[in-house]
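Topology and contacts: notes
So you can see what is in the structure, the chains are spelled out below.
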Amino acid sequence: MITEVRLRPLRSSDFDRVLELERQLFGRGAWTYGMLADELAGLGRWYVVAEPERLDRAGEQPVVGYAGLWFDGDVTQVMTIGVDPAAQRHGVGRQLMTALVERSRKVKAGAVLLEVRVDNAAAIEMYRQFGFEVLGVRKRYYQPEDMDAFTMRLDLSAAAVAVADAPVDTPDTPDDEAGDAA
């Protein structure tokens, strides 16, 4: 069982693990190596991973979650967030989302936008707890599954401070270091 995680910037050495989680979480809609590399090379991107901090094991621990943002100069867009099924329901997703919202505030974004599958009740509930509201439905957004998505928005100019289970050490990396994709 994971008791605590530490967030740090996503590095190219994390690609294999992140892509393994992508396939496990998103099946046929998972990002490929090229898609991930292209995403991280884009301007305004900021990505983090979650590693367990376990006192009962020595050495590197496998990444158990990852998340990323795109800032266009006005709003941030959650590009992805994923948590290893074995680590779900332990606050990892909440810590990742807290980091994304904190980063959005730091870059002075006016809002945070995201898409979420309409059948992902757990994620929708977490986003609502952060103050996200449904703007609408994007038909057949997720391909090749042909699944609809809710578009959700968190207004940062009026939003209350997000409630988090625990303080988060948010990695503070300049945009050109985010991802270490080069």
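Provided above is the structure to which this section pertains.
I will try to describe carefully the structure that is included in this document.

1. Looking at the packing of helix H3 (residues 92-106) against helix H4 (residues 121-130)
Across the interface, H3 lies against H4 with an axial gap of 11 Å and an inter-helix angle of 45°. Between H3 and H4, the crossing angle belongs to the class labelled oblique. Seen from above, H3 lies across H4 with right-handed handedness. Each of Gly93, Arg94, Met97, Thr98 and Val101 in H3 lies in contact with H4, whose residues at this interface are Met126, Tyr127, Gln129 and Phe130. Here the residues of the contact of H3 with H4 are counted per class, giving five nonpolar, three polar and one charged.

2. Quick word on the pattern of salt bridges
Within the structure shown, the criterion is met by ten salt bridges. Arg17 is paired through a salt bridge with Asp84; the nearest N and O atoms lie 2.6 Å apart. Of this pair, Arg17 sits in helix H1 (residues 15-26) while Asp84 is found in the loop between strand S4 (76-83) and H3, placing the two residues 67 residues apart along the sequence. Of the two residues examined, Arg17 and Asp84, each falls in the buried class. Within this structure, Arg6, Arg8, Asp14 and Glu51 form a network of salt bridges that share partners.

Rules used throughout
Residues numbered from 1 in each chain as written. Predicted model: local features only at pLDDT ≥ 70, side-chain atom pairs only at ≥ 80, totals over all residues. Heavy atoms only, no water. Axes fitted to C-alpha atoms, helices over the stretch in contact; angles between N-to-C directions. Helix = DSSP H or I, 4+ residues; strand = E, 2+ residues; numbered from the N terminus. Parallel < 35°, antiparallel > 145°, perpendicular 65-115°, else oblique. Left-handed = near helix turned anticlockwise from the far one by under 90°. Contact = heavy atoms within 4.5 Å. Nonpolar A, V, L, I, M, F, W, Y, C, P; charged D, E, K, R; others polar. Salt bridge = Lys/Arg side-chain N within 4 Å of Asp/Glu carboxyl O. Buried < 20%, exposed > 50% of the residue type's maximum accessible area, 1.4 Å probe, protein only.

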